[in-house]
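# Residue-level structural notes
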Amino acid sequence: MNRKRIGEEKAVVEQMIRLYCRKHEGHTELCPSCQELLDYAHSRLDRCRYGEEKTTCKKCLTHCYRPEMKEKIRKVMRWSGPRMILYHPIATIRHLLREIK
């Protein structure tokens, strides 16, 4: 399994959750709900069956999140996604390029 690829995905999802928690919810540190979501997302990425062939989760054929966590991450990504270019431009561009491939 390509740990670099999984590590990059973990970094992007963490950036998105932290941005959401800080700017949307107004917390300086991750709140318990956002920490739970981050831990869950990282555990799912650790177990990703596609490994180095992994696409972005949006394009994945196997949705491995429980329904309630899937809804939480979708909410975070909808809010954070458009703002990522301002706060994490390089990570955003890399992520978008992966979606195009």
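Note: the structure precedes this text.
The notes below deal with the structure included here. Along each chain, residues carry numbers from 1 onward, in the same order as the chain's sequence is written. Totals for whole chains, interfaces and linings use all residues, but because this is a predicted model, local features are given only for residues with pLDDT of at least 70 and pairs of side-chain atoms are given and counted only at 80 or more. Processing note: side-chain calculations cover all non-hydrogen atoms of the structure and skip hydrogens and water entirely.

Turning to the nonpolar core, a few remarks are in order. With 24 residues, the main nonpolar core has I17 and C34 as its most contacted residues. Starting at the N terminus, helices and strands are each numbered in turn, a helix being any DSSP run of H or I of at least four residues and a strand any DSSP run of E of at least two. Contributions of two or more residues to this core are made by helix 1 (3-24), helix 2 (32-46) and helix 3 (67-87). Residue contributions to this core peak at eight residues, all from helix 1. Buried Ala, Val, Leu, Ile, Met, Phe, Trp, Tyr and Cys residues that are joined via side-chain atoms within 4.5 Å together make up what is termed a nonpolar core. Each residue gets one of three labels from its accessible area relative to the maximum for its type: buried under 20%, exposed over 50%, partly exposed in between, using a 1.4 Å probe on protein chains only.

Glancing now at the packing of helix 2 against helix 3. Here an axis means a line fitted to C-alpha atoms, over the contact stretch when the element is a helix, while the angle between two N-to-C directions is reported on a 0 to 180 degree scale. Two elements in contact, helix 2 and helix 3, have axes separated by 11 Å at closest approach and are oriented at 105°. As far as their axial angle goes, helix 3 and helix 2 are roughly perpendicular. Residue-level contacts link S33, E36, L37 and Y40 of helix 2 to M69, K72, I73 and V76 of helix 3. In the contact of helix 2 with helix 3, the residues fall into five nonpolar, one polar and two charged. Roughly parallel covers angles under 35 degrees, roughly antiparallel covers those over 145, roughly perpendicular covers 65 to 115, and oblique covers all other angles. We call two residues contacting when some pair of their heavy atoms lies within 4.5 Å. Any residue outside Ala, Val, Leu, Ile, Met, Phe, Trp, Tyr, Cys, Pro, Asp, Glu, Lys and Arg is labelled polar, Gly included; the first ten of those are nonpolar and the last four are charged.

The salt bridge definition used is simple: a Lys or Arg side-chain nitrogen within 4 Å of an Asp or Glu carboxyl oxygen. Per the stated rule, a full pass over the model turns up seven salt bridges. Here E9 and R5 are joined by a salt bridge, their closest N and O atoms 3.0 Å apart. With E9 and R5 both in helix 1 and four residues apart, the pair spans about one turn of that helix. Across the pair E36 and K72 runs a salt bridge, and its minimum N-O distance is 3.7 Å. Taken together, the positions of E36 in helix 2 and K72 in helix 3 put the pair 36 residues apart, joining distant regions of the chain. The partly exposed category is assigned to K72, whose relative accessible area is 30%.

This paragraph deals with the environment of G81. Inspection of the secondary structure assignment puts G81 in helix 3. The spatial distance from the C-alpha of G81 to the C-alpha of G7 is 19 Å, given a sequence separation of 74 residues. When residues no more than four places from it in sequence are discounted, the contact partners of G81 are M16 and V76.

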